[in-house]
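Next come the chains, spelled out residue by residue.
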Amino acid sequence: MSYTAESIRNEALQERDYAVSLRRYFHTHPELPCEEWGTAERIEKELHELGLETVRVGETGVYALLEGEEKGGRVILRADIDALPVTETHMCPYRSVNEGKMHACGHDAHTAALLAAARILVRHRADIKGSVAFCFQQAEEIGYGANIFVKEGYVKGDRSFGIHLASNMRCGTVSATPGPNNASVDFFRIKVHGRCAHVSTPEKGVDAAYIASAIVVGAQALVTRRTNPTDSVIIGIGKIVAGTAYNIVAGEAVIEGTIRVMYPEIREKVKGELERLACSTADLYGGSAEIEYQDFTAPLINPEGPTREVAEVASQLFGRENVVTNRPYSLGGDDFAEFILEVPGCYAYVGSGNPERPETEVAHHDSKFDIDEDCLVVAAALHAAYALEYLDGTLQSVGTK
């Protein structure tokens with residue numbers, strides 16, 4: 001074995017300028033989900049320069065496989081690559097040049113850090129006992145890309161590993177927390193069918209706007225009266241459209257929202273109850289309703305074994321005092337959950353906040369979002385060290401499937 005935790009950390013530090021340059025390029029040129037054409041081309045360019053062959057997954061995802069000199073297992077490393085429909089207000093030299101588009105969640109950094117890790121791992125090909133798969137995944141923000149990688153057969157291996165930055169964690173720290181980390185995300189659209197009439201004769205119509213309003217209010221009762229208070233559940237409704245004019249009883253209404261829960265069994269229960277609520281409420285007032293669900297992602301639940309492995313590697317790299325193993329879960333979703341469902345793995349969080357730079361501690365998706373770029377070194381080192389140590393068997397006594 002020709003590496004140690006210290007040597008990998010030092011190699012990652014040597015890649016800092018490369019990672020920063022790439023991250024700033026991606027930050028300047030953000031692309032929305034399923035439109036990451038330029039991003040994918042740049043990723044391919046960097047991987048080709050390392051001698052790796054690439055495959056397009058879907059239209060804008062990129063996959064590459066690094067084969068070691070010995071046979072063995074496979075570790076899958078994943079980074080998401082898409083940006084958000086946000087107009088950047090943070091003034092910096094690498095500000096977005098694409099109006100209304102911004103890397104406000106750190107995916108630019110995820111991509112750059114994994115490319116830096118690829119450079120380290122290529123140099124350690126002789127130490128790789130098996131193979132490392134690099135998945136640069138499109139469209140995480142709309143819960144689309146992970147399912148494409150899974151359906152096309154690229155999520156096959158022994159371990160999966162991904163990293164997300166966390167602005168509420170200090171740069172230099174890592175979270176590897178077992179159990180629930182992120183909620184499931186289901187989009188729903190409820191269509192309410194009524195019948196138009198003049199507002200002066202409401203009895204001659206069926207008021208779809210009123211029915212929709214009753215459904216919205218009733219949905220919150222599902223959370224407060226039909227759900228255990230200790231089970232985190234959100235039924236969030238962000239859009240209601242109804243009617244055609246101020247003096248006409250609305251004949252149609254549409255409600256759009258999302259359900260967020262932490263456990264699969266609660267997810268199915270809440271979805272069923274919302275459908276029953278919508279249909280029975282519409283029927284009560286003379287109308288009808290139908291609900292359409294889109295499954296964006298399952299809850300992200302880190303298995304114990306792989307998460308202990310990652311925590312151990314992070315402790316070797318950065319010191320046990322900088323590793324968190326009980327970070328509170330979030331009702332935000334991440335479709336890396338689909339990777340973990342296919343291949344046991346861990347989703348770690350890498351701190352990107354710096355108290356001396358307020359823009360690095362704002363919430364993700366904020367128009368002023370930025371990072372302490374030293375976190376790129378942390379993320380690159382963690383990717384590379386985990387892949388190497390898992391494949392050489394060093395972690396066998398730490399975690400089990």
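Above this note sits the structure.
Keep in mind that this is a model prediction, so the values were computed, not measured.

What counts as what
Residues numbered from 1 in each chain as written. Predicted model: local features only at pLDDT ≥ 70, side-chain atom pairs only at ≥ 80, totals over all residues. Heavy atoms only, no water. Helix = DSSP H or I, 4+ residues; strand = E, 2+ residues; numbered from the N terminus. Rg over C-alpha atoms; globule rule 2.2 N^0.38 Å. Buried < 20%, exposed > 50% of the residue type's maximum accessible area, 1.4 Å probe, protein only. Areas by Shrake-Rupley, 256 points an atom, 1.4 Å probe, with all protein chains shown as cover. Lys, Arg positive; Asp, Glu negative; His and termini not counted. Charge placed at Lys NZ, Arg CZ, Asp CG, Glu CD. Pairing = 2+ DSSP bridges. Salt bridge = Lys/Arg side-chain N within 4 Å of Asp/Glu carboxyl O. Polar contact = N/O pair within 3.5 Å; in protein donor to acceptor, adjacent residues only side chain to side chain. Contact = heavy atoms within 4.5 Å. Disulfide = S-S within 2.5 Å. Axes fitted to C-alpha atoms, helices over the stretch in contact; angles between N-to-C directions. Parallel < 35°, antiparallel > 145°, perpendicular 65-115°, else oblique. Left-handed = near helix turned anticlockwise from the far one by under 90°. Nonpolar A, V, L, I, M, F, W, Y, C, P; charged D, E, K, R; others polar. Patch = residues over 30% accessible without salt bridge, like charges linked within 9 Å, V, L, I, M, F, W, Y side chains within 5 Å. Core = buried A, V, L, I, M, F, W, Y, C linked by side-chain atoms within 4.5 Å. Phe/Tyr/Trp six-rings, centres within 6.5 Å; stacked < 30°, edge-to-face > 60°. Lys NZ or Arg CZ within 6 Å of the ring centre and 35° of its normal.

Peer 1: Looking at this structure, how should I read the overall build of the protein?
Peer 2: When its secondary structure is counted, the protein shows 10 helices and 14 strands. Its C-alpha atoms give the protein a radius of gyration of 24 Å, within 12% of the compact-globule value 21 Å for 401 residues. Principal-axis analysis of the C-alpha atoms gives the protein an extent of 85 × 45 × 40 Å. For the protein, buried positions account for 56% of its 401 residues. Carbon and sulfur atoms make up 51% of the accessible area of the protein, which totals about 16,600 Å². Within the protein, one finds 38 positive and 58 negative side-chain charges whose respective centroids are separated by 2 Å.

Peer 1: In this structure, what is going on with the sheet that holds strand β13 (residues 323-324)? I would like to understand it.
Peer 2: Within a sheet, neighbouring strands are paired by backbone hydrogen bonds and run either parallel or antiparallel to one another. Pairing within the open sheet is mixed, and its 8 strands lie in the order β1-β2-β4-β3-β5-β14-β6-β13. The open sheet has two edge strands with one neighbour each: β1 (54-57) and β13. Here 4 bridges tie β1 to strand β2 (residues 61-67), and the two strands are oriented antiparallel to one another. Bridge assignment links Arg 56 to a residue of β2, and that residue is Val 62.

Peer 1: Is there a simple way to think about the side chain of Asp 82 in this case?
Peer 2: Relative to the helices and strands, Asp 82 is located in the loop between β3 (70-80) and α4 (107-123). In this structure Asp 82 is buried but unpaired, with Arg 78 as the nearest side chain of opposite charge at 7.1 Å. Here the side chain of Asp 82 touches Glu 140 through a polar contact of 3.1 Å, landing on its backbone nitrogen. Filtering out sequence-adjacent residues up to four positions away, Asp 82 remains in contact with Glu 31, Leu 32, Pro 33, Glu 36, His 103, His 107, Ala 139, Glu 140 and Glu 141.

Peer 1: Which parts of the structure should I look at to understand the state of the cysteines?
Peer 2: Disulfides are covalent bonds that link the sulfur atoms of two cysteine residues. By the definition in use, this model includes 0 disulfides. Cysteine Cys 171 remains unbridged, with the sulfur of Cys 375 as its closest cysteine sulfur at 5.3 Å.

Peer 1: Just to check I follow, could you spell out the packing of helix α2 (residues 16-28) against helix α3 (residues 37-49) for this structure?
Peer 2: Each packed pair of helices is defined by two parameters, the angle between the axes and the distance between the axes. At a closest axis distance of 11 Å, the pairing of α2 and α3 adopts a crossing angle of 160 degrees. Classified by the angle their axes make, α2 and α3 are roughly antiparallel. Of the two elements, α2 crosses α3, and the hand of that crossing is right-handed. Facing α2, whose interface residues are Tyr 18, Leu 22, Tyr 25 and Phe 26, α3 presents Thr 39, Arg 42, Ile 43 and Glu 46. When its residues are assigned to classes, the contact of α2 with α3 shows 5 nonpolar, 1 polar and 2 charged.

Peer 1: Just checking my understanding: could you explain the pairing of strand β10 (residues 252-261) for this structure?
Peer 2: Every regular strand shows the same layout, with side chains that alternate between the two sheet faces. Buried residues dominate β10, accounting for 7 of its 10 residues. Summarising the sheet, strand β8 (residues 184-193) and β10 pair through 10 bridges and their orientation is antiparallel. Within β10, the position partnered with Val 192 by the bridge is Ala 253. Bridge analysis of strand β9 (residues 233-242) against β10 gives 9 bridges, and the strand direction is antiparallel.

Peer 1: I keep staring at a nonpolar patch on the surface and nothing clicks. Help me out?
Peer 2: A cluster of nonpolar side chains, contributed by Tyr 210, Leu 284 and Tyr 285, occupies part of the molecular surface with about 340 Å² of accessible area. On the basis of relative accessible area, Tyr 285 is assigned to the partly exposed category, the value being 38%.

Peer 1: Explain the nonpolar core here, please?
Peer 2: The tendency in soluble globular proteins is for nonpolar side chains to be buried side by side. Counting 75 residues, the largest nonpolar core has Leu 47, Leu 77, Leu 121, Phe 134, Phe 136, Phe 161 and Leu 382 as the members making the most contacts within it. The greatest single-element share of this core, amounting to 15 residues, is contributed by helix α10 (residues 375-391). Contacts of Leu 121, omitting those with residues within four sequence positions, involve Leu 66, Leu 77, Ile 128, Val 132, Phe 134, Ala 384, Ala 387 and Leu 388.

Peer 1: Looking at this structure, I do not really get the packing of aromatic side chains. What am I missing?
Peer 2: Scanning the entire structure with this criterion turns up 11 aromatic pairs. With a centroid separation of 5.6 Å and an interplanar angle of 70 degrees, the aromatic rings of Tyr 347 and Tyr 349 are classed as edge-to-face. Of the two residues examined, Tyr 347 and Tyr 349, each falls in the buried class. The rings of Phe 149, Phe 336, Phe 339, Tyr 347 and Tyr 349 are connected pair by pair, giving a single aromatic cluster. Between the NZ or CZ atom of Arg 42 and the centre of the ring of Tyr 25, over which it lies, the distance is 4.6 Å. The ring of Tyr 293 carries Lys 271 above its face, with NZ or CZ at 5.0 Å from the centroid.

Peer 1: Whenever I open this one, the environment of Gln 220 confuses me. Can you help?
Peer 2: Mapped onto the elements, Gln 220 comes out in helix α6 (residues 208-225). Overall, Gln 220 belongs to the partly exposed group, its relative accessible area being 35%. As for Gln 220 and Gly 236, which are separated by 16 residues in sequence, their C-alpha atoms are 8.6 Å apart.

Peer 1: Is there a simple way to explain the sheet that holds β9 in this structure?
Peer 2: In spatial order, the strands read β9-β10-β8-β11; together these 4 strands make up an open sheet with antiparallel pairing. Edge positions in the sheet fall to β9 and β11 (288-297), since each has one partner strand and no second. On average, each strand axis in the sheet is inclined to that of its neighbour by 20 degrees, with strand direction left out of account. This element, α6, spans β8, β9 and β10 of the sheet and lies at about 170 degrees to β9.

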